[in-house]
Every structure is written in structure tokens, then in C-alpha cells.
Amino acid sequence: MRDHGGRHSVARRLHALSAILLAVVFMATGAPGAAWAESKADLASENALADDDAGFGLVDFTRYQTGNSRLVEGEDLGYRYPMPDNADAVIAVTAGGEAIAFVDEGACAAASFDAADAVDVDAFRALAEELDGRVAKGGETLADNPGRGWTVSTSSEAVFGPYRVRVGVEADGRRYISVVPAELYTDESPSSVAAVQGLDLSDALLWVDVARLVPAGEVVAAEQPAPLDAASGFFQSLDLRPFWVSLKTSAVALIITFVLGLLAAWRTMGTSSRLKGLLDSVFTIPMVLPPTVCGFLLLLVFGNATSVGRWLIDHGVSLVFTWEAAVIAAVVVSFPLMYRTALGAFESLDAAMLDAARTLGWGEGRIFVRLMMPLAWPSIAAGTVLAFARAMGEFGCTLFFAGNYAGVTQTIPIAIYFEWMSGNTDVALFWVVVVIAFSFLVVLFINLYTARSLRYRERGGSVRAARRGRAAGDGARAVSAADIDAEAGGDALRIDTEALRALVSETSAMARVSSARAGAPSNGGVDDARPSDWGSHDAGRDA
Amino acid sequence: MNTVSSRRAFVAGASALAVAALAGCSNGGAGSGSAAPAGSEGSAAVADDSIQLQVFAANSLEKAMPEVEALYTAQTGVTFADTQYKGSGDLVEQMRGGAPVDVLITASAGTMDDAEEADLVDTATRQDMFVNDLVIVRAVGSDVAIDAIEDVASVDGNIAIGEPGAVPAGKYANQALASVGLYSSDEGEGGEYDASIADKVVQADKVGTAAQYVSTGDCAVGFVYTSDVYRYDGIEVAYTCPAESHKPIVYPGAVATASENADAAADFLAFCMENEDALAIWAEYGFELA
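Residues numbered from 1 in each chain as written. Chains lettered and ligands numbered in written order. Predicted model: local features only at pLDDT ≥ 70, side-chain atom pairs only at ≥ 80, totals over all residues.

Caption draft 1: Representation of the overall build of chain B. Each helix and strand in chain B was counted, giving ten helices and 13 strands. For chain B, buried positions account for 53% of its 290 residues. Nonlocal contacts in chain B, meaning residues at least 24 apart in sequence, comprise 73% of its contacts between residues at least 6 apart. (Helix = DSSP H or I, 4+ residues; strand = E, 2+ residues; numbered from the N terminus. Buried ≥ 20, exposed ≤ 12 C-beta atoms within 10 Å, placed from the backbone. Contact = placed C-beta atoms within 7 Å.)

Caption draft 2: Summary view of the overall build of chain A. Across its full length, chain A carries 20 helices and ten strands. For chain A, the residues scored as buried account for 39% of the 543 residues in total. Counted over contacts in chain A with a minimum sequence separation of 6, partners at least 24 positions apart contribute 73%.

Caption draft 3: Region of the structure containing the nonpolar core. Core analysis: the largest hydrophobic core is formed by 215 residues, its most contacted members being Leu 58, Val 90 and Ala 329 of chain A together with Val 103, Leu 104, Ala 210 and Val 221 of chain B. In terms of residues, this core owes the most to one element, helix α11 (residues 323–347) of chain A, which gives 18 residues. Excluding residues that lie within four positions of it along the chain, Val 90 of chain A makes contacts with Met 83, Phe 102, Val 167, Ile 177, Val 208 and Val 210 of chain A. (Core = buried A, V, L, I, M, F, W, Y, C linked by C-beta atoms within 7 Å.)

Caption draft 4: Representation of the packing of helix α3 (residues 88–96) of chain B against helix α4 (residues 109–117) of chain B within the structure. Residues and elements named next belong to chain B. Contact geometry for α3 and α4: axes closest at 9 Å, N-to-C directions at 10°. Looking at the two axes, α3 sits roughly parallel to α4. Contacts between α3 and α4 pair Ser 88, Gly 89, Val 92 and Met 95 from the former with Thr 111, Asp 114 and Ala 115 from the latter. When its residues are assigned to classes, the contact of α3 with α4 shows three nonpolar, three polar and one charged. (Axes fitted to C-alpha atoms, helices over the stretch in contact; angles between N-to-C directions. Parallel < 35°, antiparallel > 145°, perpendicular 65-115°, else oblique. Nonpolar A, V, L, I, M, F, W, Y, C, P; charged D, E, K, R; others polar.)

Caption draft 5: Region of the structure containing the confidence of the model for chain B. Residues and elements named next belong to chain B. In this model, chain B carries an average pLDDT of 81, and 83% of its residues clear a pLDDT of 70 or more. The least confident element of chain B, judged by mean pLDDT, is helix α1 (residues 2–33) at 44; the most confident is strand β5 (residues 103–105) at 94. Within the model, the stretch residues 1–5 combines pLDDT values under 50 with eleven contacts to residues more than four positions away or in other chains. Considering only residues more than four positions removed or in separate chains, one finds that residues 10–48, a stretch of pLDDT under 50, has 63 contacts. Across the assembled chains, the prediction reports ipTM 0.71 with pTM 0.68. (pLDDT = per-residue confidence, 0-100.)

Caption draft 6: Representation of the environment of Val 180 of chain B. All names here are of chain B. Within the element layout of this structure, Val 180 appears in the loop between α5 (168–179) and α6 (195–198). Val 180 sits in the partly exposed class, given 15 other C-beta atoms within 10 Å. It is 6.2 Å that separates the C-alpha atoms of Val 180 and Glu 150, two residues lying 30 residues apart in sequence. Beyond its immediate stretch of four places on either side in the chain, Val 180 contacts Ile 149 and Glu 150.

Caption draft 7: Up close: the sheet that holds strand β3 (residues 79–83) of chain A. With respect to topology, four strands assemble into an open sheet ordered β3-β9-β8-β7 (chain A), the strand pairing being antiparallel. Two strands lie at the open edges of the sheet, namely β3 and β7 (157–160) of chain A, each paired on one side alone. Averaged over all neighbouring strand pairs, the angle between strand axes comes to 25°, with direction disregarded. For β7 of chain A and strand β8 (residues 163–171) of chain A, the ladder comprises four bridges, and the chain directions are antiparallel. Bridge pairing in β8 of chain A places Phe 160 of chain A opposite Tyr 163 of chain A. Contacts between helix α10 (residues 276–284) of chain B and the sheet are confined to β3 and β9 (174–181) of chain A, with β3 of chain A contributing the most and set at about 105° to the helix. (Pairing = 2+ DSSP bridges.)

Caption draft 8: The arrangement of the environment of Leu 131 of chain A in detail. All names here are of chain A. Examined against the element boundaries, Leu 131 turns out to sit in helix α4 (residues 118–135). For Leu 131 and Arg 63, which are 68 residues apart along the polypeptide, the C-alpha to C-alpha distance reads 9.5 Å. What Leu 131 contacts, discounting residues up to four positions off in sequence, is Asn 47, Leu 49, Leu 58 and Phe 61.

Caption draft 9: How the structure looks around the sheet that holds strand β12 (residues 250–255) of chain B. Residue and element names in this part refer to chain B. If you walk across this open sheet you meet the six strands as β4-β2-β5-β12-β6-β13, and the pairing is mixed. The open sheet has two edge strands, β4 (84–86) and β13 (288–289), and neither has a second partner. Sheet topology note: the strand β6 (residues 127–131)/β12 ladder contains four bridges and is antiparallel. Across the sheet, Asp 128 pairs through a bridge with Pro 252, a residue of β12. Against the sheet, α3 contacts β2 (55–58), β4 and β5, and its axis sits at roughly 130° relative to β4.

Caption draft 10: Spotlight on the pairing of strand β10 (residues 221–225) of chain B. All names here are of chain B. By the criterion of burial, β10 is predominantly enclosed, with five of the five residues buried. Of the two faces of β10, both are covered, the one formed by Val 221, Phe 223 and Tyr 225 as well as the one formed by Gly 222 and Val 224. When strand β7 (residues 134–139) meets β10, the two strands line up antiparallel, connected through five bridges. Looking across to β10, one finds that Leu 134 is bridged to Tyr 225. Two elements, strand β8 (residues 159–162) and β10, share two bridges in a ladder whose sense is parallel. By the bridge assignment, Ile 159 is partnered in β10 with Val 221.

Caption draft 11: Seen up close, α4 of chain B. Residues and elements named next belong to chain B. Turning to α4, its buried residues are Thr 111, Met 112 and Ala 115. The buried residues of α4 occupy one face: seen down the axis, they fall within an arc of 100°. Tucked into the core, α4 has its buried residues touching α3, β5, α5 and β12. In the stretch just after α4, Asp 119 is the one whose phi turns positive, near 60°. (Arc of directions from axis to C-beta.)

Caption draft 12: Examining the pairing of β6 of chain B more closely. One ladder, built from two bridges, connects β6 of chain B with β13 of chain B; its direction is antiparallel. Among the inter-strand pairings, Val 131 of chain B is bridged to a residue of β13 of chain B, identified as Glu 288 of chain B.

Caption draft 13: Spatial organisation of the packing of helix α7 (residues 241–270) of chain A against helix α13 (residues 364–393) of chain A. Residue and element names in this part refer to chain A. The geometry of α7 relative to α13 is characterised by a closest axis approach of 10 Å and an angle of 145° between their N-to-C directions. For the crossing formed where α7 meets α13, the hand is right-handed. Judged by residue contacts, Ser 246, Ser 250, Ala 253, Leu 254, Thr 257, Phe 258 and Trp 266 of α7 engage Phe 368, Thr 384, Ala 387, Phe 388, Ala 391 and Met 392 from α13. (Left-handed = near helix turned anticlockwise from the far one by under 90°.)

Right, here's the structure in full:
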């Protein structure tokens, strides 16, 4: 009954926090759907375009930057480019910059395209230039050179310089566009003739475009997606695994760091000063070292390159480039933060209070759990949040030791770097925004938590006032105030008050005078045990 | 007592969150796994009877290889773990470090030689897969004009070159520079840049990074492969380095000695080189078969 109010307020705050976290998660997840299939469909309409006035269009527009000289089932086609089964228009761009278009006669008739009509040829050229620009992937485009010579014909081969290009060459059930020497007898091998003539067949063409020529009505209009659709398409095609990997890695790392950090701080605190100095350096050094050094050392210890690593691998400890490695990397870099904050908090505890507990017959373990932890909790909590944030942000050590495997070890920071490097600036930017939002939440949480422990201190003061009130007969109010006090302050406060009640009551008259003068009492529970100090503070403040 | 219970509530809440997050993890992983083109799901998600290959490929294959892998998955059901696209030297170092690998494709004979010497790949399976050209690129629309390799010395702005130890493209670039006396070592490694360009050279950790530096305008020109021009927006060829200015650019591929699916890995390499649909993909991205 006594602690209900306290538990509820904690629960409320937790609910609020989890609501914020879940909101972020859902925001980030979006609505998972058949993203890839859709993006494929988009692609299909991207390389199709119609000219309604001319009455025809091009679909399935594809550009081949290079070909190859490999034999097709033993048959020498010279230098060949692939030609899809249904393609009936081919544009070959010669090294001299000329564009030679080959259009199938049947397709011309079906699409009412006349290769001899200048208007139709111009329309064809405009379509090809636009589509070529879309699929050029950064290479030179047809539109780059407005003065480019164009020929459009319904034949299936053309000769330019020492070369002859043939389209629709069939071999082994497929069709090819093949480049052969211009002077070639039927039974001669193109490659050997080219070698004799000193021709490099691969130099003949810069690139080749293939497409299907269809009536304008058959072209599915390439709809420009609305900005909103484009955005939702972006979010649906986004690979969100880095978020989950980050969260999973840092959560597991945090649990390990939390336990190890507290234990290390606790054990270090009790040791002799020389040993303590050594332990302290060892535990803190990952914070000072560049993360890449940690990663390199971990790789040496666990990797295949050293005898230690090989021994471990032989005994079944194969960790490098696995998810476990990412966790270890995160633990190593976040551990010092947890350890330092916990150590600092433990060391600032009143040693006399710990000794008092010992005189009461408490074991060290009990003192740690029931006395040190509650008293140091605000600092420990802040350290935990910092350690979590550090684990989330870990980059160098993880990259070294765990690599960059999407869905396994690719955390958000690593994803940002590699997405940018791969030219996916928008994806990198998305993750940057997620990280900023997340960091903001972390800072907000620290601030809320600090505010909460400040409120506790204020309430601690009001409890003192209330207790004094109880002496004057206001019992009910004292009980409820004590609840809040106990919820936030805990055992330590009770030890204070119980062990030192006599002292407090002796000096209560003086304290009441001081607190009345200071307006609102603001000192913490520990100071409660030292009324004389408190008095002198007040005196200083007045002066 | 009261403190303990409030802390318990906190811890319980926190662990509930953690559990929820972890549960969400597996969902998220599976959900987005289907969205990944290469079918690169975590190893845990793979059914027992299917084979999963781990490919280490030169950074320049980053855009083309996923399509070939998707094609292979569609035809054979063999899936791929997240393929690593890094500088070839990095890939070999990562293998040395103990990373599990089935197929290695590097961008130079030299890096594959290193892997062979370290007994990381099966020599019998080694084959030259692609050839490429070394080009000097500039940002699209830039007025930088280059008519010979030595013209880079007079360019106003930085020069992006791959770090020669880990990036074969950087080594080829240095060989090309050495051919006109702007680099001190004909091997393309371990030398010094001529004073006229020394303070303008920016080293990149991957050939893609060099391309990206030019694309973002951080560098005026960069040495990359022809195929890189097709996979990065915003860059264009300013000059193609003559083939005799550097060692031949070949991409060797081989099956890793540590591979547990060596046969499947060899099948995949053969598919890359022989399947006409795969060849069409290489052609689209400008990789010429050796």
C-alpha cells in the first residue's frame, strides 16, 4: 500500500517513454509492402516513351555499354552485344559518333513508322535521345552531340569504316548484334580476320541501345510519380535492417556493459590504491584509444592471422565478422562510460554511511545492492544511457572487427558511411535524420531523469518539513509525504533518518529557522545527516 | 523496499522494451529481407536444404553483381549472404582475418596473387573474368579539359586516386602517372608523386570513393574505371588512359579454399561467365568479359 503512488508514477513515465520509442519505431518501419516488385514495375515504365503525334513509341529501352568476344556455343560472332528476343529496334553508336538505327520492317508497319519519312525519323530520334539519357548511367548520351549523324534503315546490317555491324544474328537460340570486319567471306572466322587486319572489333562501337518499336497506344504512359508516392516508394524500398541491427546489438551490449561495468566499479573501489590505479587504467583505456585500435586488437586476438586467434578458432570460438563480434565491439567501447560513471558515483558516497551499514552487520553484497546502488542510481542511470548511446554510435571498432554485412553487422553508422559511398545519398540522409532524432530522445530522457531526481530532492526537503509538521500533529500529511520520499530516496534515507533521528531532533529548532529563511529547502538526503554543515551553508548563502 | 520495487519496475519496463525490440528485430529482418534485391537474408533465416554463398567482390562490381546474383537465385535457388564490395586489398585482408568466403573477385591480378600466396583461394579455379579501362573523370558539365595524362598536373583542383595498397585502380593510376613521369615508381606503389601534383592528390579507400569525390566536387578529376562512370551519377569521362600506360586491368575470380560450398561457388563463377542473361547484365554495366 505504501509504495503504490511511487510505483505508479514510475510506470507512467515508463509508459510515456515506451510510447515515444514505439512511435519512432513505427515511423521508421513504415508500412512494409511488396516494395521490390513495385520498383521493378516503375523501372519498366521508365524506359518506355511514346510520341502521340507521330503515332509510335519505344518500350523496353535498354543500353549495353560493352559487349564481348566470347564464342556462342563454339560459333564466332566477332564482337557481340546481346539482343533481347522481342527487340526490333537497335541503335549502334560508332566510335566516330555516328548513330545507326536498325528497325525491323514488320515493326515499322505495325507502328506506322516510315524510315524514309524525315518527320518520323526526327520523332524516333527525339524518343531515342530521351530514353538513352535515362538509361545511360552517367555515360555519354545520344543527346550530348546534337550534330551527331543519324541513319535510320530497315536493313539488318551496315558498314562503316573497316567494320560491319549486323543485327538479329541468331546463334544457339538467341539473337545478337555482332561487329565483324567489313571484308569477310561467309566461312571465315571474324576474330581471326580482324586479328590479321589489325582491327580491334571492340573499338568499333561506343555502345548499343535496343528497344521495341510499338504503336503509341501500346506504350504505358510513363507516369511521373507524385511527390507523395515517390516519398512512400522511397520509404518502402528502404532497407530498415540497420535500425534493428543497431538496436539489437546495443541492447545486448548494454546488458553486458551494465553488469560488467557495475561489478568492475564495485570491485575496483575496494582494492588498494596501486592495484586500483592499474585496474582503472585498463578499464578506462578503450575510452581514450581510437576505436580502430580496439578493433584492430580484437581482430588480432580473435582473427585467423595470429596464433592466439587460430587457437581460439580451433577451439570453436570463431567470432570475427559475426554479429557476436559487433556486440563485443560495442561492449568494449561502451564499457568505460558505464564503469567511470558508476565508479564516480560510488566514490562520492559517504564512506561513513557504508561503515555504518557494516556495523549493523550487513554483508558487502547487501551493502552494494541495498545501499550503494540506490544512492548512486541517478548517476548510474545517466551512465547507462550514455553507454547505450555510445554503443549505438559505434563505428570504427565494429567495422574493423565485425565488418559490414547488411542485416547482420551493418549498424546505422556503418550504413550511413557505406550508403554515401555507394552514391545513395538519400538513404544516408534518412539514417542521419533517424540518428539525430534518436539522440534527441536520449538527451530528452537524460533531462527528464535529471528533473525527476531533482524533484525527488525537493520532495526530500518537503518531507523534512512534513516530519516537523508531524511533530506539530499533522499526521496524515506526513505519511503521504513519506511515501514519496521513500519511493524516490530509498533505504539510504531511511537509514539516515532512523540512525540519526536523535541528532535531527536535537537540531531541529535550528533547522526550522534556516529553512524558513532560505524559502524552499533544497539540500539532499545525505546532507540531512549533517545538520551542522547545513547550517553553515545557509549562513554562507546569507552572507 | 520501496526503492527496490521502483527500480524493479524500471528494470522490468526496460527489459520489456528490450524484448519487444528484439522481437521486432526478427520481424523487421524478415520483412525487409524480401525487399533486398540479392535475397541477402541473415544466415539464420536460411532453410536447411538451401546453399548460401558469400561473395567478396571488387568495389566496382557493386551495382552489377546484385543483379547477377538475383538472376542466379531465381534460376537455381542458391541464395547469397550480404556480398562485400570493398577495395580488393581490403577484401584479401578481411579473408586473412578469418571472414568466411566462398567466391573472391578482385580488380587486379596482384591482389589475387596475394590471396593465392596466402593460400586463401583455390589456384585451380582462378580465371580472368573482366577487363576494364582506366579513365580520368570529371564532374558532369565541368570545363576541365584533359588530352593527355600529364594534363592532370595543370588541373585547378584536387585529384582523386585510390590508395594504391588496397585499391587496384589507384595502382593502375599511379602506373599511368609514372608513364609520364609524375610518379616515381613504375610499379604504381611505394613511390612519390611529382611535386607538381603531390599536394593535390587525395587518396580514396575504394575506387567508388574516388568517383564519389569527383561527383561531389571535392576533387576536380579522378582516376577510375570506365565501369565506374556507369554506376555513379554526375561524372563523365574526360580522358581514357591508353592501355599501354598501365598494366592490363583484369578482374580475376576464384573459389576460396575455406569455402564449404566449393562446387556451388565454382558453378556460380561459371554462370557469371557463360550465362547469356548474366552477360547481358555485365554489358549493361560496362564490364567487358576477358
